[in-house]
Amino acid sequence: MKPVWIVDDDKSIRWVLEKTLSREQVPFRSFASASEALSQLDLGVEPPQVLVSDIRMPGESGLELLKQVKERFPSLPVIIMTAYSDLDSAVAAFQGGAFEYLPKPFDVDQALELIRRAIDESLHQVGASTEVGLVPEILGQAPAMQEVFRAIGRLSQSTATVMITGESGSGKELVARAVHRHSLRSDKPFIAINTAAIPKDLLESELFGHERGAFTGAAAQRRGRFEQAEGGTLFLDEIGDMPSELQTRLLRVLSDGNYYRVGGHSPIKANVRIIAATHQNLEARVKEGLFREDLFHRLNVIRVRLPSLRERREDIPILARHFLQKSAQDLGVEAKRFSDAALRHLATLDFPGNVRQLENICHWLTVMAPGQQVDFADLPPELRETSPLSTAYDWEGGLAMEVDRLLAGRDGQVHEKLTNIFERVLIARALTHTGGRRIEAALALGIGRNTITRKIQDLGLDGGRADDAGQAAR
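Just so you know, these numbers come straight off a predicted model, no measurement behind them. (Residues numbered from 1 in each chain as written. Predicted model: local features only at pLDDT ≥ 70, side-chain atom pairs only at ≥ 80, totals over all residues. Heavy atoms only, no water.)

Student: Explanation requested: the overall build of the protein in the structure shown.
Tutor: Counting secondary structure elements, the protein contains 20 helices and 14 strands. Considering only contacts within the protein whose residues lie at least 6 apart along the sequence, 71% involve residues at least 24 apart. (Helix = DSSP H or I, 4+ residues; strand = E, 2+ residues; numbered from the N terminus. Contact = heavy atoms within 4.5 Å.)

Listed below in structure tokens is the structure:
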């Protein structure tokens, strides 16, 4: 087998990967820069089996290395690593033909598994090279957002119908716009319509248009959203609230690709990509008879789940600073700044309104906070009432009461009982937070991958998945 090439200016990352590959008897070569690797190819050295490269290095970047390698060797799998986990990097990597995108810090076992998959892939598939020119538009460094970035990157080369699910205010339209912006239809219109915000009697005309005289008040022909989005993307927000009659018409369009204006007799060919979004559980609505099952399957080709803000708490400080800056720009005033205490408190809140709620709070603070620094005392009263200190006190007080109760029983197993309860809750919540990814949950808890696997078995928990990022390699 040809060697795996590792390209990273960080000596510690090279060392970790070298030791891992040596242990698994996988041949490798290491380079401290993209130019070193490219010079070897220029000398006629046989290309590697797999190339693993950092994205930001002195001199030529990993993306430039990716581009040049793909031009010469289209079938060579390239794994892009980066400590700058953002949408810009993820989409650029995938559009450049990368096999996979690996955000740092990463789990060495995950990296090894990825390299092994890339080795297998190199024997069967051919990659592609695509020009990139991107502007960052979505903020997020949390692992849950990395899954969203990966999905957008992969969808950039597809025209498949997409279903975006997530709680209200989590940013579903923003993701839909990103999918369109990085798609092959980016030079065509992006048309959005909230199907829950338009009266039932008007929604059909809004979607499909109408002919003159089709109904009272139809004084002229009107193009609907399908026609407006011709060649581009039509975003159907809150699709779960679409009336049943309109569900039937939409299904017909998705099935045969044609539709009629209201009052029209000539079919119109639809050439649009559909992206639908909902905060509701469509499977449950199908079972309740409120949503057509056949339409659900037509729309649910590729699903992208957008995490709630409480599932990505590490992003709250980043988003809060961004929204505070944005609000200042919108209002034409000097930007305020958060104190560390205010940011720490915000990161403990659940934000039922998600990103939209945080944005509104930052706008309120821009107007209402008296000074240039936003402290804990400047936060809206309803946010200050939930204090992390009082929550910790109540938790400890409740634990003390339970200890007293169990000690009174004198069964001699207080420590074991409470330890099992504590670990069960701790691991279960961590798995929920990471979407069932064991390694990621272990990293969040600060325990080893083998430890969490053993605890899951011992405690009888639903095991989750063991194939995602977790224990830090950096």
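Picking up where we left off.
Student: Explain the pattern of salt bridges to me, please; I cannot follow it from the model alone.
Tutor: Pairing is possible between side chains that carry opposite charge, provided their charged atoms lie close to one another. For the structure shown, the criterion picks out 26 salt bridges. A salt bridge links Glu-173 to Arg-177; the shortest N-O distance between them is 2.9 Å. Placement of the pair is Glu-173 and Arg-177 together in helix H7 (residues 172-181), with a separation of four residues, close to one helical turn. With relative accessibility at 29%, the residue Glu-173 sits in the partly exposed group. Three or more residues joined by partner-sharing salt bridges are found here, namely Arg-23, Glu-24, Asp-109, Arg-116 and Arg-449. (Salt bridge = Lys/Arg side-chain N within 4 Å of Asp/Glu carboxyl O. Buried < 20%, exposed > 50% of the residue type's maximum accessible area, 1.4 Å probe, protein only.)

Student: What am I meant to see in the nonpolar core here?
Tutor: Buried together is how nonpolar side chains tend to be arranged in soluble globular proteins. Core analysis: the biggest nonpolar cluster contains 42 residues, and Leu-51, Ile-138, Ile-152, Ile-164 and Val-175 have the highest contact counts within it. When residues of this core are assigned to their parent elements, the largest contribution, six residues, is made by helix H6 (residues 143-155). If near-sequence neighbours (up to four positions away) are discounted, Val-175 is found in contact with Ile-138, Val-148, Ile-152, Ile-164 and Leu-306. In terms of nonpolar packing, the next biggest core, distinct from the first, is built from 30 residues, Ile-191, Ile-239, Leu-254 and Val-286 among them. (Core = buried A, V, L, I, M, F, W, Y, C linked by side-chain atoms within 4.5 Å.)

Student: Where do I start with the sheet that holds strand E1 (residues 4-7) in this structure?
Tutor: The pairing of strands in a sheet happens through backbone hydrogen bonds and is either parallel or antiparallel. Strand order in the open sheet made by the five strands is E2-E1-E3-E4-E5, with parallel pairing throughout. If you trace the sheet from one side to the other, it starts and ends with strand E2 (28-31) and strand E5 (100-103), each paired once. Neighbouring strand axes in the sheet, compared pairwise and without regard to direction, differ in orientation by 15° on average. Relative to strand E3 (residues 50-54), E1 is paired through four bridges, and the arrangement is parallel. Directly across from Trp-5, in E3, lies its bridge partner Leu-51. Running at roughly 170° to E5, helix H5 (residues 108-122) makes contact with E1, E3, strand E4 (78-82) and E5 of the sheet. (Pairing = 2+ DSSP bridges. Axes fitted to C-alpha atoms, helices over the stretch in contact; angles between N-to-C directions.)

Student: Just to check I follow, could you spell out helix H19 (residues 438-445) for this structure?
Tutor: The periodicity of an α-helix, 3.6 residues per turn, causes residues three or four places apart in sequence to face the same way. Of all the residues in H19, the buried ones are Arg-438, Ile-439, Glu-440, Ala-441 and Ala-442. Downstream of H19 by one or two residues, Gly-446 has phi in the positive range, about 80°.

Student: Which parts of the structure should I look at to understand the side chain of His-345?
Tutor: Along the chain, the position of His-345 falls in helix H14 (residues 340-346). Polar side-chain contacts of His-345 include one of 2.7 Å to the backbone oxygen of Leu-383. (Polar contact = N/O pair within 3.5 Å; in protein donor to acceptor, adjacent residues only side chain to side chain.)

Student: So what exactly am I meant to see when it comes to the packing of aromatic side chains here?
Tutor: Aromatic ring pairs are reported here in terms of the distance separating the ring centres and the angle at which the planes meet. On inspection of all chains with the given rule, the structure shows five aromatic pairs. With a centroid separation of 5.8 Å and 40° between ring planes, the pair formed by Phe-208 and Tyr-259 is classed as tilted. A residue pair is termed long-range when its members are at least 10 positions apart, and Phe-208 in helix H8 (residues 200-208) and Tyr-259 in strand E9 (residues 258-259) qualify at 51 residues. For the pair Phe-208 and Tyr-259, one class covers both residues: buried. For the pair Phe-226 and Tyr-259, a centre-to-centre distance of 5.5 Å together with 40° between the ring planes defines the contact as tilted. On the criterion of sequence distance, the pair formed by Phe-226 in helix H9 (residues 225-228) and Tyr-259 in strand E9 is long-range, its members being 33 residues apart. In terms of burial, Phe-226 and Tyr-259 fall into one category: buried. Following the ring pairs from residue to residue traces out a cluster consisting of Phe-208, Phe-226 and Tyr-259. The aromatic ring of Phe-208 is capped on one face by Arg-249, whose charged end is 4.1 Å from the ring centroid. (Phe/Tyr/Trp six-rings, centres within 6.5 Å; stacked < 30°, edge-to-face > 60°. Lys NZ or Arg CZ within 6 Å of the ring centre and 35° of its normal.)

Student: Even after reading the chapter, I still don't get the packing of H6 against H7, so can you show me in this structure?
Tutor: Each pair of packed helices can be described by the angle between their axes along with the distance between the axes. Between H6 and H7, whose axes approach to 8 Å, the crossing angle comes to 35°. Relative to H7, H6 is oriented so that their crossing is right-handed. For the pair H6 and H7, contact is made by Val-148, Ile-152 and Leu-155 and by Val-175, Ala-178 and Val-179, respectively. Residue composition of the contact of H6 with H7, by class: six nonpolar, no polar and no charged. (Left-handed = near helix turned anticlockwise from the far one by under 90°. Nonpolar A, V, L, I, M, F, W, Y, C, P; charged D, E, K, R; others polar.)

Student: Is there a simple way to explain the layout of surface pockets in this structure?
Tutor: If you roll a probe as big as a water molecule over the atoms, it shows you where there is empty space left. Counted as a void, the largest pocket has a volume near 590 Å³. Considering the residues around the largest pocket, the lining is formed by 27 residues, among which Gly-169, Ser-170, Gly-171, Leu-174 and Val-355 are closest to the centre. Secondary-structure elements contributing two or more residues to the lining of the largest pocket are H7, helix H13 (316-331) and helix H15 (354-368). Residue classes in the lining of the largest pocket are distributed as ten nonpolar, seven polar and ten charged. (1 Å grid on protein atoms, 1.4 Å probe; cavity = no way out; pocket = protein on both sides within 12 Å on 5 of 7 lines; lining within 4 Å. Points joined across faces, edges and corners; volume = space filled by probe spheres on them.)

Student: Can you help me understand the sheet that holds strand E12 (residues 302-305) in this one?
Tutor: Across the sheet, which stays open at both edges, the five strands sit in the order E7-E8-E11-E6-E12 with parallel pairing between neighbours. Taken across any chain shown, the strands that pair with only one partner, and hence form the sheet edges, are strand E7 (190-194) and E12. Strand after strand, the sheet turns through a mean of 20° between neighbouring axes, direction not considered. Note: E7 against strand E8 (residues 233-237), five bridges, orientation parallel. Bridge pairing in E8 places Ile-191 opposite Leu-234. The sheet contacts of H6 involve strand E6 (162-165), strand E11 (273-278) and E12, and relative to E12 the element is tilted by about 150°.

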